[in-house]
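# Survey of secondary and tertiary structure
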Amino acid sequence: MAAPMKPGSITPRTLILRLLLLSAVIAAVAFASAQATAKPADDVPSASQIQPGDLVQAMKATGAQKPVVLYVGPKAFFLQAHIPGAENIGPVAKPEGMEKLRARAASLPKDGSVVIYCGCCPWDHCPNIRPAFAELKKAGFAKVRVLYLATSFGADWADKGLPVAKGE
Amino acid sequence: MRRVMILFAFAVMALGVYLGICQHRRQHPAISNTATASPATSTSGLATAPDLSMTDLNGGALQTSSYKGRVVLVNFWAAWCVPCAEEVPQFIALQKKYQDQGFQVIGISVEDDAGELRDFYRKYRMNYPVVPGDLKISDAFGGVLGLPTTFVIGRDSLIHGKHSGATDFSVIEQEVVALLHAPQS
């Protein structure tokens, strides 16, 4: 015969229910936290992002189909390695970089394909790609895309064996 | 019925753990251990840390060979780089915690305005030398194409770790501790 329950003691059923409740709370907190730290509502919509492999393919096009590739990050990285054919604009987070971007954009056809990239820092923290994208959209470029580099140009392009050029 | 509830509870717990892991991976997307160019490698296959003569932020000479026999962490960073700036207080703490055991942090700043860099250095009370970087230094480390990038060098002067992007700091600390306690050949 089972011993009578002491007042205030927890039955196995109550224990399981509490465990269940605790687990659900842990799961909910983990899920909410994961959502909060996920890529923020991006101001570069996914339709305006291009993956490294797709850009390599796009660069094989000729004539007007071939995108103009503009690098908008620090020169120190460009000199070490950059996408062959890319133009060095400089960091547009700085006023002189933004001016250079505006000047270059003024000489490009608005209906042409333009790809901007940086890769100086992880995507979520890059200080250059968002202002560059916003500027080109404001200037009326319909086919502007941003190269998606999750970690950096090194990790997501050069280390993957994709083509690079050095120097100016 | 009780068994079903227990199983369900464990399933929910497992889901929580899984989501936690997903979150962690999202925060720390990549740890790359490859370099774009290869510094000299040892018989162990690890690259040898370059021997460099540099000038620190305050104009002092910094010779990496003077740290031979220590565990050295070389952090390429910039004051304008948000995840880099977030790491600095942790490197300061690491330097303080392990310096007596033969540990040294060296910061290599990339494209920082000299004035802003000095302000940052003072504001954060950085307790390790910072060198304004250049192409020669980046090339010597096999190319540094993104920030933050951190190299962990053992007492044997070999590069035991390269971390690209914002990295889980506990991983770096574990590496440092393991190298501090590694038997010396």
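Refer to the structure above for everything that follows.
The sections below set out a description of the structure shown in this document. (Residues numbered from 1 in each chain as written. Chains lettered and ligands numbered in written order. Predicted model: local features only at pLDDT ≥ 70, side-chain atom pairs only at ≥ 80, totals over all residues. Heavy atoms only, no water.)

Helix and strand counts for chain B come out as five helices and seven strands. Written out in order from the N terminus, the α and β elements of chain B read α-β-β-β-α-β-α-β-α-β-β-α. Counting across all 185 residues of chain B, residues that qualify as buried make up 48%. Taking the intrachain contacts of chain B between residues at least 6 apart in sequence as the baseline, contacts between residues at least 24 apart amount to 70%. Carbon together with sulfur atoms contributes 55% to the accessible area of chain B, which is approximately 9,300 Å² in total. (Helix = DSSP H or I, 4+ residues; strand = E, 2+ residues; numbered from the N terminus. Buried < 20%, exposed > 50% of the residue type's maximum accessible area, 1.4 Å probe, protein only. Contact = heavy atoms within 4.5 Å. Areas by Shrake-Rupley, 256 points an atom, 1.4 Å probe, with all protein chains shown as cover.)

Time to look at the pairing of strand β2 (residues 68-71) of chain A. All names here are of chain A. Relative to strand β4 (residues 113-117), β2 is paired through four bridges, and the arrangement is parallel. Within β4, the position partnered with Val 68 by the bridge is Val 114. Summarising the sheet, β2 and strand β3 (residues 87-88) pair through two bridges and their orientation is parallel. Looking across to β3, one finds that Leu 70 is bridged to Glu 87. Handedness of the crossover is the feature at issue here: the chain leaves β2, passes through helix α3 (residues 75-80), returns alongside β3, and the resulting connection is right-handed. (Pairing = 2+ DSSP bridges. Right-handed = clockwise from strand over helix to strand, strands pointing away.)

Within the structure shown, the criterion is met by three cavities of 30 Å³ or more. As a volume, the largest cavity reaches approximately 60 Å³. Forming the boundary of the largest cavity are twelve residues, of which Gly 154 of chain A together with Leu 145, Thr 149, Lys 162 and Ser 164 of chain B lie nearest the centre. Among the elements of the structure, α6 (153-156) of chain A together with β7 (159-164) of chain B are those that each provide at least two residues to the lining of the largest cavity. Partitioned by chemical class, the residues of the lining of the largest cavity number three nonpolar, seven polar and two charged. (1 Å grid on protein atoms, 1.4 Å probe; cavity = no way out; pocket = protein on both sides within 12 Å on 5 of 7 lines; lining within 4 Å. Points joined across faces, edges and corners; volume = space filled by probe spheres on them. Nonpolar A, V, L, I, M, F, W, Y, C, P; charged D, E, K, R; others polar.)

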